[in-house]
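A look at the structure
This is what each chain is made of:
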Amino acid sequence: MKKLIISIGFIIEAVAGLAQNGIAVKVDDLTVAQHKVLQSELRDSKILYSCIPAGIIVFQESSNLPELKKQVNSALKKAEILVEPKFIENYSIASAEQECATYRKID
């Protein structure tokens, strides 16, 4: 019974996480090496989801959006990403996963 309750808890947590909205940053032509640098540089930011093929990183909704943008732009420079990122507010993890799946089918 205890295992069943724990399993249900994990399922509820996973579903709640997928329903969560955040701030997405989209970067064209994101590489694995660049993604590693971004993860290292943004380790203090709450990253909810990322997809390298689609160039999407979703952060937890932030009350201080200008500060998050500043941190992301600084990390992008360190990752040698020269393209302008696109910030999208209120972006769901489900939308990010759906977009990522589209890129996976292409590759």
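Description of the structure in this document.

Rules of the game
Residues numbered from 1 in each chain as written. Predicted model: local features only at pLDDT ≥ 70, side-chain atom pairs only at ≥ 80, totals over all residues. Heavy atoms only, no water. Helix = DSSP H or I, 4+ residues; strand = E, 2+ residues; numbered from the N terminus. Buried < 20%, exposed > 50% of the residue type's maximum accessible area, 1.4 Å probe, protein only. Contact = heavy atoms within 4.5 Å. Core = buried A, V, L, I, M, F, W, Y, C linked by side-chain atoms within 4.5 Å. Disulfide = S-S within 2.5 Å. Salt bridge = Lys/Arg side-chain N within 4 Å of Asp/Glu carboxyl O. Phe/Tyr/Trp six-rings, centres within 6.5 Å; stacked < 30°, edge-to-face > 60°. Lys NZ or Arg CZ within 6 Å of the ring centre and 35° of its normal.

Note on placement: Ser45 falls in the loop between helix H2 (32–41) and strand S2 (47–51). Its relative accessible area of 16% is what places Ser45 among the buried residues. Beyond its immediate chain neighbours, meaning those up to four positions away, Ser45 contacts Phe59, Leu68 and Gln71.

In this structure, Leu38, Leu42, Phe59, Leu68, Val72, Leu76 and Ile81 are the most contacted members of the largest nonpolar core, which totals 15 residues. Elements with a minimum of two residues in this core: strand S1 (21–26), strand S3 (56–60) and helix H3 (65–78). When residues of this core are assigned to their parent elements, the largest contribution, 5 residues, is made by H3. Aside from chain neighbours lying at most four places away, what touches Val72 is Val25, Leu42, Phe59 and Phe87. With 10 residues, the next largest nonpolar core counts Ala54, Ile56, Ile93 and Ala96 among its residues.

Summed over all chains, the structure comprises 1 disulfide. Note that Cys51 is cross-linked by a disulfide to Cys100, the S-S spacing being 1.9 Å. Looking along the S-S bond of the Cys51-Cys100 disulfide, the torsion reads about 75 degrees, which is the right-handed sense. Linking Cys51 in strand S2 with Cys100 in helix H4 (residues 93–106), this pair joins segments that are 49 residues apart in sequence.

All right, on to the pattern of salt bridges then. Summed over all chains, the structure comprises 3 salt bridges. The closest approach of N and O atoms between Glu99 and Lys26, which form a salt bridge, is 2.6 Å. On the criterion of sequence distance, the pair formed by Glu99 in helix H4 and Lys26 in strand S1 is long-range, its members being 73 residues apart. One salt bridge connects Asp28 with Lys86, and the closest N-O pair in it is separated by 3.6 Å. Remark: Lys86 occurs in strand S4 (residues 86–92) and Asp28 occurs in the loop between S1 and H2; sequence separation between them is 58 residues. With a relative accessible area of 41%, Lys86 lands in the partly exposed category.

Per the stated rule, a full pass over the model turns up 0 aromatic pairs. In this structure, Lys69 is placed above the aromatic ring of Phe87, and the distance from its NZ or CZ to the ring centre is 5.3 Å.

Shape is all these values report; function is a separate question.
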